[in-house]
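Here's the letter readout for the chains.
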Amino acid sequence: MRDRPGEGVGLSMAGGGGGGERLPGMLRTVAALVLLAQLAGRGAHALYFHIGETEKRCFIEEIPDETMVIGNYRTQLWDKQSESFLPSTPGLGMHVEVKDPDGKVILSRQYGSEGRFTFTSHTPGEHQICLHSNSTRMALFAGGKLRVHLDIQVGEHTNNYPEIAAKDKLTELQLRARQLLDQVEQIQKEQNYQRYREERFRMTSESTNQRVLWWSIAQTIILILTGIWQMRHLKSFFEAKKLV
């Protein structure tokens, strides 16, 4: 969620002398905590969707470079007798394909009815994540409906901090510091990605402006040449009619 303008963190100060000097530092601290809190709410997306027998569903995820992405999914098959979704059989699998912003396939693999896929982005931008079932080879599907639960985690959300704490024997304070460091690193990646997008937008704008300029020049030249041709044509016409 985005913070609305004017709905921020309120600060109340008591006493005088020295309070005004600490205010900029406090504001920077509060701003950093708010930014970390906003980032903590991003990077994890859970949803479910329905697909048909030969249907392919794709999602677009904007990912900075050198960022790990983990996707967990499970499938449920529609049962006509109970009129509800039941866990799919092990034979019903899903094919996962991931393409980078340049259209290069960085992951293409067949998984089971429940699985987990992982990839690391090497190019910042919009990555396409597509899923479809292998139901065309199974009579079990029989034109039914499949529900897919998908959970995508990006960046520091892919880290299993309880496992990291147990492995490295970290205290609660050390673990929290590790989490903050990972969030700061993710913030830097997001900032770099926003700079990359801004640079691409600027290049696109400059290219568009240049094309508009050249098109205007070409239009002007065409109008001048057309006017000269019309004048010469009219002059030759009048001369042929002996009007001049």
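The rules behind each value
Residues numbered from 1 in each chain as written. Predicted model: local features only at pLDDT ≥ 70, side-chain atom pairs only at ≥ 80, totals over all residues. Heavy atoms only, no water. Patch = residues over 30% accessible without salt bridge, like charges linked within 9 Å, V, L, I, M, F, W, Y side chains within 5 Å. Areas by Shrake-Rupley, 256 points an atom, 1.4 Å probe, with all protein chains shown as cover. Salt bridge = Lys/Arg side-chain N within 4 Å of Asp/Glu carboxyl O. Helix = DSSP H or I, 4+ residues; strand = E, 2+ residues; numbered from the N terminus. Buried < 20%, exposed > 50% of the residue type's maximum accessible area, 1.4 Å probe, protein only. Disulfide = S-S within 2.5 Å. Phe/Tyr/Trp six-rings, centres within 6.5 Å; stacked < 30°, edge-to-face > 60°. Expected span 1.5 Å × (residues − 1). Pairing = 2+ DSSP bridges. Axes fitted to C-alpha atoms, helices over the stretch in contact; angles between N-to-C directions.

Visitor: Summarise a nonpolar patch on the surface; cite the residues concerned and give the values.
Guide: Nonpolar side chains collect at one region of the surface, where Leu 213, Trp 214, Ile 217, Ile 221, Ile 224, Leu 225 and Ile 228 lie side by side and expose about 700 Å² of accessible area between them. Along the polypeptide, Ile 217 turns up in helix α3 (residues 172–240). Exposure remark for Ile 217: the relative accessible area of 34% places this residue in the partly exposed category.

Visitor: Account for the state of the cysteines, naming residues and giving values.
Guide: On inspection of all chains with the given rule, the structure shows one disulfide. Between the sulfur of Cys 58 and that of Cys 130 lies a disulfide, 2.0 Å long from S to S. Judged by the sign of its S-S torsion, about 110°, the cystine formed by Cys 58 and Cys 130 is right-handed. Of this pair, Cys 58 sits in strand β2 (residues 56–63) while Cys 130 sits in strand β8 (residues 125–133), and the two are 72 residues apart along the sequence.

Visitor: So what about the pattern of salt bridges? Which residues, and what values?
Guide: A side chain with one charge may pair with a side chain of the opposite charge, provided their charged atoms come close. Overall, the coordinates contain five salt bridges when judged by the stated rule. Ionic pairing is found between Glu 97 and Lys 56, a salt bridge with its closest N-O pair at 3.7 Å. In this pair, Glu 97 sits in strand β5 (residues 94–99) while Lys 56 sits in strand β2, placing the two residues 41 residues apart along the sequence. Glu 97 gets classed as buried once you look at its relative accessible area, which sits at 17%. Measuring nitrogen to oxygen at the nearest pair gives 3.3 Å for the salt bridge that ties Arg 197 to Glu 62.

Visitor: Lay out the packing of aromatic side chains in plain terms, naming residues and giving numbers.
Guide: Going through the model one piece at a time under the given rule, you end up with three aromatic pairs. Pairing Tyr 73 with Tyr 111 gives two aromatic rings, centres 6.4 Å apart and planes at 80°, and the pair type is edge-to-face. Of this pair, Tyr 73 sits in strand β3 (residues 67–79) while Tyr 111 sits in strand β6 (residues 105–111), and the two are 38 residues apart along the sequence. Tyr 111 shares its class with Tyr 73; the two are buried.

Visitor: Let's hear about α3: which residues, and what values?
Guide: A turn of α-helix holds 3.6 residues, and therefore any two residues three or four places apart point the same way. With 69 residues, α3 extends 101 Å between its outermost C-alpha atoms, agreeing within 8% with the 102 Å of an ideal straight helix rising 1.5 Å per residue. Backbone geometry just downstream of α3 places Lys 242 in the positive-phi region, at approximately 55°.

Visitor: Explain the sheet that holds β6 to me, using residue names and the numbers behind them.
Guide: Spatial ordering of the open sheet is given by β2-β8-β5-β6, a layout of four strands whose pairing is antiparallel. A single partner strand is all that each edge strand has here, and the edge strands are β2 and β6. For this sheet the average axis-to-axis angle between neighbouring strands, irrespective of direction, equals 15°. Relative to β8, β5 is paired through six bridges, and the arrangement is antiparallel. Looking at β8, one finds that Val 96 is bridged to Leu 131.

Visitor: Describe the environment of Met 68, with residues and values.
Guide: Counting through the fold element by element, Met 68 comes out in strand β3. Counting along the chain gives 54 residues from Met 68 to His 122, while the straight-line C-alpha distance between them is 9.5 Å.

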